Protein chains: 2
Amino acid sequence: MNKSEIKVISVLERVGGFASAQQLHQLLLRSGESIGLTSVYRALQSLVDDKIVDQLRKEDGEAIYRLCGEAHHHHLVCKSCGSTVEIEGSALEKWAKAMAEEHGYREVGHLAEVFGICPSC
Amino acid sequence: MNKSEIKVISVLERVGGFASAQQLHQLLLRSGESIGLTSVYRALQSLVDDKIVDQLRKEDGEAIYRLCGEAHHHHLVCKSCGSTVEIEGSALEKWAKAMAEEHGYREVGHLAEVFGICPSC
DNA sequence: AGCACAAATGAAAATGATTTTCATTTTCGT
DNA sequence: ACGAAAATGAAAATCATTTTCATTTGTGCT
Ligand SMILES: [Zn+2]
Ligand SMILES: [Zn+2]
Ligand SMILES: [Zn+2]
Ligand SMILES: [Zn+2]
């Protein structure tokens, strides 16, 4: 855990939700921190690899990040405002596992996102 | 509906699933069509606006497209050799629908892929 | 402290998908 | 056929992200 990662985590805590790399960089600069955009990207990538940060994509393809409290989970994402809800995934987990077993696959993982328009949009 | 849009629809029909703009362009060229990459992007954007084509994003942010109404299905993908199997998704469909309803989301869609190592790898 | 070596940093350049510009070609109505 | 409008695509621009690489910083050892 290097200095950049600590800075990025602290700004993510302050933000308390999703933000893009560029937004986080701006926030850090505005709050007086000295850090390069490259280091923000590097820190985020490393935190995502370590599953400390969740990464997903806006509709325009830009990546957004947020601190990830729990372990493995899935999201319900609003196509319009980007707000997200964590959802219960046991049915999905069972399905993924069953499908993999049925076809003899090992070392199984999965990716699943549900998207739609949220009630307030 | 101009020529480019017709070409793009026909190649999407042939593909029968998701493909990126660049992939579609390559497929069109290989099958002897003459069309510029710009026109492929323009046609896709217009078809998405008209809700004839679905657009979503891979994890790396690249946009992928498919015909709306294309039989919806999911894949089991080998992490090592890339081979894919179509899998049965009714359990997943139910889950996605239930989660969206539970949170009051409308116009719901979802994205799900299962990864693993196939028996022959 | 002094030295060597590894890790971290960030500015600048590269990358790659997508969009914009703009000059040319095609289509369409009269 | 004529002119306006739409379509086309090559080249340039855009923009988030990644890579490169020279410099700085941290760490362990003497
Ligand atoms: Zn919303
Ligand atoms: Zn899961
Ligand atoms: Zn395989
Ligand atoms: Zn499905």
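It should be noted that the structure appears before, not after, this text.
Figured I'd write up the structure that's included with this text. Everything numeric in this text was worked out from a predicted model, so none of it was measured. (Residues numbered from 1 in each chain as written. Chains lettered and ligands numbered in written order. Predicted model: local features only at pLDDT ≥ 70, side-chain atom pairs only at ≥ 80, totals over all residues. Heavy atoms only, no water.)

### Concerning the overall build of chain A
And then number 1: Along the backbone of chain A there are four helices and six strands.
And then number 2: The secondary structure elements of chain A, listed N-terminal to C-terminal, are α-β-α-α-β-β-β-β-α-β.
And then number 3: For chain A, the proportion of contacts with a sequence separation of at least 24, taken over those separated by at least 6, is 45%.
And then number 4: Side chains of chain A carry 13 positive and 17 negative charges; the gap between the two charge centres is 6 Å. (Helix = DSSP H or I, 4+ residues; strand = E, 2+ residues; numbered from the N terminus. Contact = heavy atoms within 4.5 Å. Lys, Arg positive; Asp, Glu negative; His and termini not counted. Charge placed at Lys NZ, Arg CZ, Asp CG, Glu CD.)

### Quick notes on the protein's contact with DNA strand D
And then number 1: The immediate surroundings of DNA strand D are formed by 16 residues, with Lys3(A), Tyr41(A), Ala63(A), Ser39(B) and Arg42(B) found nearest.
And then number 2: Within the contact set of DNA strand D, a phosphate oxygen lies 2.6 Å away from a side-chain nitrogen or oxygen of Tyr41(A).
And then number 3: Between Lys3(B) and DNA strand D, the recorded distance is 3.5 Å, taken from a backbone N or O atom to a phosphate oxygen.
And then number 4: When contributions to the surface near DNA strand D are tallied by element, the ones reaching two or more residues are helix H3 (37-49) of chain A together with helix H1 (3-15) and helix H3 (37-49) of chain B.
And then number 5: At three residues, the largest contribution of residues to the surface near DNA strand D is made by H3(B).
And then number 6: Looking at side-chain class alone, the surface near DNA strand D contains three nonpolar, eight polar and five charged residues. (Near = heavy atom within 4 Å. Polar contact = N/O pair within 3.5 Å; in protein donor to acceptor, adjacent residues only side chain to side chain. Nonpolar A, V, L, I, M, F, W, Y, C, P; charged D, E, K, R; others polar.)

### Re the interface of chain B and chain A
And then number 1: Taken together, the contact between chain B and chain A spans 41 residues of the former and 39 residues of the latter.
And then number 2: When chain B packs against chain A, close to 3,300 Å² is buried across both sides, 63% of that on carbon and sulfur atoms.
And then number 3: At the junction of chain B with chain A, the criterion picks out zero salt bridges.
And then number 4: Taken together, the links from chain B to chain A amount to 11 residue pairs in polar contact (both at pLDDT 80 or more).
And then number 5: If you list the elements that add at least two residues to the side of chain B that touches chain A, you get strand E2 (53-57), strand E4 (74-78), strand E5 (84-87), helix H4 (90-102) and strand E6 (106-117) of chain B.
And then number 6: A total of 12 residues in the side of chain B that touches chain A trace back to one element, the largest contributor, which is E6(B).
And then number 7: Two elements, strand E6 (residues 106-117) of chain A and E6(B), share nine bridges in a ladder whose sense is antiparallel. The residue of E6(B) that forms the bridge with Val114(A) is His110(B). (Buried area = accessible area lost by both parts, 1.4 Å probe. Salt bridge = Lys/Arg side-chain N within 4 Å of Asp/Glu carboxyl O. Pairing = 2+ DSSP bridges.)

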